[in-house]
Structures are given as structure tokens and as C-alpha cells.
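Examination of the molecular architecture
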Amino acid sequence: MNFPLLLPALLLIPLIGVVLVALGAPAKKTSLWVSVLNLVPGFLLTGQVLRVGEVLFGPEATPAREVFPVKFLLGIDGLNLPLVWLTLVVTLAAMGVAQKGMKREREYFICLLLVGLGALGAFISVDLFYFFSFHEVALVPTFLLIGIWGHGDRSGAAWRMTLYLMLGSLVLLLGLIGLVMSVPEVARSLDWRVLSETLRANPMGASQQTTVAALLLVGFGTLVSLVPFHSWAPGGYASAPAPAAMLHAGVLKKFGLYGLLRLVLPMAPAGWKEISWVVGLMLAGNILYLGLAALQQRDFRWLLGFSSAMHMGTVFLGLIGGTVLGLGGALTLMVAHGLSAALGFAVAGDISQRTGTTWMQDLGGLGKRAPNLWFYLMVAAMASIGLPGLANFAGEIMIFFGAWSAHPVSVAVAAWGVVLSAVAMLRAVRSIAFGPLSKSVENAEAPDLAGWSQIWPFALLTVLLFVVGVAPVVILGPARPVLERLLVP
């Protein structure tokens, strides 16, 4: 059976939640149940993708060649299906972690719902107008979440993050315009299916491909926090409330990586290959420079912020590897990082709420008084390190093998990144969980997670980290045919 309305339902359900909360419905309860309900079209769409390969919704089910149409076209296949599920799961976990009864609670949950809505819209949009616009929709509530409900220098972090991402979006827009204008006028369209088909038959010239690929790299790279366009990320995540950091670091950041996979690799392959050495230098900056910076952090939130940006370098290594194995590893690591970063920021937020601090030197002995929090802290840290059996390891090992023949030096750099990540995370775990009992932990009235109502968001992310780590085929199975097509000249 075919259910074409399932795709718009993914967007309509959170939009209904926004309206209900705005009209006075209980904010957290409504947001939570809306996020649960949105899993239903996710499951049904998964069945359809596994059966027929892709699902489309819009005025036409097949590519249409018209002069600059803007159409509400939605699509899902094996490439964006894992990212849709990442968004659904992290949104649900973020709603579970979000505090109830805070100031301006209604606006807080509306912003969270809008971030999830924007991410879903960006991932499933086929028309480049909506692809770009949905991402921009998600950035506005992110700015508000940090600026109103954030920590520390929240105003400065919000403005810095917004200015960086606006500039990145501007460069991205120029790259998208260049991509569309490179197609002959009779075949010009905003439908990326049409663009891909046309550019395969009539490729751009070498210099034009390089220019378009470079613009899209800078645009998407800024959104992904690729060095040197990264400095918005650590402070932004450290200042954001935990659910906002979970959604942006875990989900919205993957938009840039998805855009490179969906647009640049198949439409400007020669240009991407031409600038791959530049990408190699930039990803080395992410891995080594940000890895060393992570070692210097004493605030757990800041450590997670630097670690999150650092791991993007390994994903970029998969994107320049030129193999299906490398691309599959990049997609797997995108999902794995989303889950582990969301779990890490959820743990940091809960620790801050209970003890009043995330300074690691003030959290000694947490493992004694908060064994549940200690367990999820360990899972998040081990996943970030790349412990076998967890999802990050599955993605990283595929990237290393997939990129070895083309970029052995970059693989060696990435291997050193694993060492830096391990040192930083293990030092953090030692400082937070072990040693003498600190006053902030000792004086906490309720230092640990208690009851299923508090534990389930952490358990959900943990279970999925193990599932993807043990059986990455859940991602690679549907994605492999699409990834193979991306590399067809």
C-alpha cells in the first residue's frame, strides 16, 4: 500500500504541536506526545523505502523540466532515511530531557519543535528552495533558545553563532544559484533530481565544477563547523540549553554533510576531487587543532563542544575517500555522532541542573552518588572515543578502510584524532566520576536519575548507539544503492 501523505505528515504533526502549545496546551506533555506520534509516519515510511527504494510527494512523482519552478516536493530514500530517524529520535529525547516549569515555558517548547521541524523539512525537501529555507527556519529558534535560555555568555554565543551561520548560508545560497544556473535553460529546475540527471548527461566544465564545489564547501562547511569556519560551535553548544545543543549538534549540523552528499558529489564530482586536498587540510585542522583544544577544556560543556566539531573532520575524510565504503562510513558516523553528542549534552545538562556546575574539577565523586548518570556518562564518552560495539566505531573503521588508498596521510591524522579524543574523554570521566567527593555533588539534593520517567531519554539514545554499532546494516542496507549511484560518473 502507498501512503503519499506520510511525508508531509512528518512536518504537519510538529506544526500542529506548535499550534496547540501556542493556544495553551500543556507545553511539555504536548511536545512529548507530538514527538512520539511523529514516529508513526517514520515507521511506515521506512517500510515503503525498504520495499520500493524511495517515496515521493508533490505535484509530480517524476522529474519535470520547467523554467525555474518552485514546488513543494518531498522525497525520502536510503540516504536521508537514517537522518530522518536521527531527527525523530533526538527530538523525542530532547523533549524528554527538557525541563518543565521554566520561564516562558510555552515559547521554549515551541522553539524546540520548530528546530526539529526545520531539520526534517531540510532533509526531505527535493526542491532546493525548500531545502535551503527549512534549514534557515530552524536557525531562528536556535538563536532564541541560546539567547534567552542559555548559560554563561549566552548573548555573545547566540550572536556569534547566528552571524557565522548567516554568512555560511549566504555563501551556500551563492553556490546553489551557481549550481542551478550551470544547467542549460531548457532543463533548469530547482528539483535536485532534474539537476543531477541533467549534469550527468551534460557535465559542467572543470573550472566551473571547482568554483561551485568550493562555494558549496565553504557554505556547507561553515554550517558543519569545518576549520577555519568553526569558532561559533564550541561556545554555542556550551552556552545552549541541553535540548537545544542536542538538536543542533546532534541533528541540524548534519544538514551540511547531507548537502555535500546529495548535491556536490554527484553534480560536481570533478570539482570535488580537485579540491579534495584542501578538504584534507581543513579536516586535519578539525581533528588535530580542535582535538588539542579539547584537551585544554575544564568545563564539560566546552569539552563536548570542541569534541563535536572535532569529529566532523573524520566525516569529511569519508566524503573525500571516493569509495562506497567511505561514504557509508560517513553516513554511519553522522548518525552515530548525532546520537552520542545528544547523549553527551543530555548528561551535561542533567549534571548542571542537579549540581549547579559542569566544571569538571567541581564534580569529583559523581559516580559514587549518581551511578545512573555515571553509566550514561561512560556510554557517551566511550562512543565518542570510538569503542568497538558502539556506533561511532562502526562509522570510523569504515571511513579509515574506505579512504586509505586515496588519502593514507589523512587516515593517519584521523587515527591520531582517536588518541586525542580518548585522552580528553577519559580525563573528563576520571575528573567527574572518580576521586574525592566534591561539595557540589555532596550537597546536591537529588544527584542521580530516578525512575523511568527521567531515565528513558538516556536509555533510548544508549540502546540505539549499541544497535547501530553492532548492526550498521540498518543504515547501510537502504543507503547502499543510493551511495553507489553517487559515485557513478
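As the structure is a prediction and not an experimental result, all values here were calculated from the model.

A separate point is the overall build of the chain. Scanning the chain from N- to C-terminus turns up 23 helices and two strands. For a compact globule of 489 residues, the expected C-alpha radius of gyration is about 23 Å, and the chain comes in at 21 Å, within 12% of that figure. Taking the principal axes of the C-alpha coordinates as reference, the chain spans close to 70 × 55 × 40 Å. Of all 489 residues assigned to the chain, the portion counted as buried reaches 62%. Between the averaged position of the 28 positive side-chain charges in the chain and that of its 21 negative side-chain charges there is a distance of 6 Å.

Another point: unusual backbone geometry. Between Val227 and Pro228 the backbone carries a cis peptide bond, its omega angle lying at 10 degrees. Of note in the backbone geometry, Arg104 takes a positive phi value of approximately 50 degrees without being a glycine. As for its position among the elements, Arg104 is in the loop between helix H4 (81-97) and helix H5 (105-124). Overall, Arg104 belongs to the partly exposed group, its relative accessible area being 49%. One non-glycine residue, Ser225, lies in the positive phi region at around 70 degrees. Take Ser225: it is sitting in the loop between helix H9 (206-224) and helix H10 (232-239). Judged by relative accessible area, Ser225 falls into the buried class, the value being 0%.

Structurally, Leu172 is set in helix H7 (residues 154-181). Each C-alpha atom of the pair Leu172 and Leu217 lies 8.1 Å from the other, and the pair is 45 residues apart in sequence. Among all residues touching Leu172, those that are not within four sequence positions of it are Phe132, Leu216, Gly219, Phe220, Leu223 and Phe255.

Calculation rules
- Residues numbered from 1 in each chain as written.
- Predicted model: local features only at pLDDT ≥ 70, side-chain atom pairs only at ≥ 80, totals over all residues.
- Heavy atoms only, no water.
- Helix = DSSP H or I, 4+ residues; strand = E, 2+ residues; numbered from the N terminus.
- Rg over C-alpha atoms; globule rule 2.2 N^0.38 Å.
- Buried < 20%, exposed > 50% of the residue type's maximum accessible area, 1.4 Å probe, protein only.
- Lys, Arg positive; Asp, Glu negative; His and termini not counted.
- Charge placed at Lys NZ, Arg CZ, Asp CG, Glu CD.
- Contact = heavy atoms within 4.5 Å.

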